[in-house]
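Examination of the molecular architecture
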There are 2 protein chains.
Amino acid sequence: MHVESIEVITAILDENDRVAQHNREHFDAQGVLAINLMSSPGSGKTSLLEATIKALAGEMKVAVIEGDLATENDAARIRACGVPAVQIQTGNACHLDAQMVHDVLHDLPLGGLDVLFVENVGNLVCPASFDLGVHRNVTLLSVPEGDDKPAKYPVMFRAGDLTLITKVDLLPHIEEFSVDRARDSLRQVGFDGTIIEVSKRGGAGFTAWLDWLRSAVAAAQAQKRNVGTAHAEAAS
Amino acid sequence: MHVESIEVITAILDENDRVAQHNREHFDAQGVLAINLMSSPGSGKTSLLEATIKALAGEMKVAVIEGDLATENDAARIRACGVPAVQIQTGNACHLDAQMVHDVLHDLPLGGLDVLFVENVGNLVCPASFDLGVHRNVTLLSVPEGDDKPAKYPVMFRAGDLTLITKVDLLPHIEEFSVDRARDSLRQVGFDGTIIEVSKRGGAGFTAWLDWLRSAVAAAQAQKRNVGTAHAEAAS
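Sequence order sets the numbering: in each chain, residues are counted from 1 along the sequence as written. A letter from A marks each chain and a number from 1 marks each ligand, given out in the order of writing. It should be noted that, the model being predicted, local features are given only for residues of pLDDT at least 70 and side-chain atom pairs only at 80 or more, the latter also being counted only at that level, while totals for whole chains, interfaces and linings use all residues. Values shown for side chains rest on all heavy atoms present in the structure; no hydrogens or waters enter the calculation.

Our next topic: the nonpolar core. Nine residue types can take part in a nonpolar core, namely buried Ala, Val, Leu, Ile, Met, Phe, Trp, Tyr and Cys, and a core is a set of them joined through side-chain atoms within 4.5 Å. Three labels apply to residues, based on accessible area from a 1.4 Å probe with only protein chains included: buried if under 20% of the type maximum, exposed if over 50%, partly exposed otherwise in between. Counting 44 residues, the largest nonpolar core has A:Ile165, A:Phe177, B:Ile165 and B:Phe177 as the members making the most contacts within it. Only helix H6 (154–158) and helix H7 (179–188) of chain A together with helix H6 (154–158) and helix H7 (179–188) of chain B provide two or more residues apiece to this core. Strands here are runs of E lasting at least two residues and helices are runs of H or I lasting at least four, both read from the DSSP assignment and numbered beginning at the N terminus.

If you want it as structure tokens, here you go:
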């Protein structure tokens, strides 16, 4: 690549990191856990959010930022579950960036929220390079995609704190996927986070995902209390 | 976006178009039909190629350029079918470009070939913006991805001459996909090409795909004869 284009890309990523840090300060100040969901198109991000919102109704306050090149479809699906959602339409852009997320925070009050999900554009490459200011990155790998995807898209899977293997109810119909091979492939590319298998039919994996979420929310809220205590001590 | 980054991107695309035209001249000079296959990760591009190569054995001479961020897996799968394949490993790059294709043409003699397939990086956004110098763009949409993908990734589907709806054997298990809704969605985003439903189990759709391919090969070879005749007439 040309030197001038490398310089421009580096400048774009530096500016993105600055805005991402600013977003994180917003989230931390409110004790809101922010989670970036990434995957190929059609791996089940929105379906996972619908099921999660229903399962946590009355327990957690959730809001969602949806990213797509076009349509408001996903935000409409989330609003139908009774929680606030804003849609970012990226046009030709293949990923969300920190500024896009920052721009919609004005339309999404953070006060009182427990979790903010950011559903990124369906793309197993580009979103991994842009920090949004979230606390956790979750990558979905759906059974019909095949268990070779971590080896072929290592940057994305390494960027995640949690990999959810989705659509495991389809395992009997998909010979190209073995959960053992997928787990091996994730470890081989250097992913050292948690791996959970989920299905839209619920079950043990879905419960494990909710528990992972509860722990992460508790950590974000403890972080807010610590920040508050430190401020109070500094002021006293 | 900053003015300077727009200028750099425009310069990159202009240079890509120049190299793409050069690639096309190579293909035309040999009467080789070049086809770019694009889709999400795991939509069945390599499986389609394996089945196509087997079905056309003895009828057409085929070669394949494989694009992935990492691994030689797909090239190895194609070579196991008995045809030449070269693997491009893009590293962090989210798409193939014309220069990458040009660079590997030295390793892939075009003489005597009928079809050169270029399997792009699995990505439903970025590959659509980079002409590789091919004659036809084919986009795959797999049933498990859901029938809303044309609406959400309109640029990619509009860029295609043919949309293959793949994995239709999974239709009984996937409530998120109706072939009628997918066809409507393709027409609504302005796709005016051919739509064919295929399954790894063969059947009428797979025969229609082979016929589409035979027609396109015949057109490329007629083009070569016309160019040859025009050259002969110009020289006489």
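With that out of the way, let us pick up H7(B). Residue and element names in this part refer to chain B. Those residues of H7 lying buried are Val 179, Ala 182, Ser 185 and Leu 186. With its buried residues spanning 125° around the axis, H7 presents them on a single face. Looking at H7, the residues exposed on the side facing more than 90 degrees away from the buried face are Asp 180 and Gln 188. Gly 190, located one to two residues past H7, shows a positive phi value of around 95°. Arc, as used here, means the arc of the directions from the helix axis to the C-beta atoms.

Okay, the sheet that holds strand E4 (residues 115–119) of chain B next. Two modes of strand pairing occur in sheets, parallel and antiparallel, and in both the strands are linked by backbone hydrogen bonds. Residue and element names in this part refer to chain B. Pairing is parallel in the open sheet, where seven strands are placed in the order E3-E2-E4-E1-E5-E6-E7. Among the strands making up the open sheet, the edge pair consists of strand E3 (85–89) and strand E7 (194–197). Across this sheet, the average inter-strand angle for adjacent strands is 20°, counted without regard to direction. Here, any two strands with at least 2 DSSP bridges between them count as paired. As judged from the five bridges shared by strand E1 (residues 33–38) and E4, these two strands associate in the parallel manner. The residue of E4 that forms the bridge with Asn 36 is Val 118. Axis lines are fitted to C-alpha atoms, over the contacting stretch for helices. Their N-to-C directions set the angle, which ranges from 0 to 180 degrees.

Residues and elements named next belong to chain A. Spatial ordering of the open sheet is given by E3-E2-E4-E1-E5-E6-E7, a layout of seven strands whose pairing is parallel. Because the sheet does not close on itself, it has two edges, and the strands there are strand E3 (85–89) and strand E7 (194–197). On average, each strand axis in the sheet is inclined to that of its neighbour by 20°, with strand direction left out of account. Of the strand pairs in this sheet, strand E2 (residues 62–68) and E3 are connected by five bridges, and their pairing is parallel. From the neighbouring strand, Asp 68 faces E3, where its bridge partner is Gln 89. Between two residues, a contact is recorded if the distance between any of their heavy atoms is within 4.5 Å. The sheet strands contacting H7 are strand E5 (136–142), strand E6 (162–166) and E7, and the helix crosses E7 at an angle near 160°.

The next subject is the environment of A:Gln221. Structurally, the position occupied by A:Gln221 is in helix H8 (residues 204–235). The spatial distance from the C-alpha of A:Gln221 to the C-alpha of A:Val32 is 7.2 Å, given a sequence separation of 189 residues.

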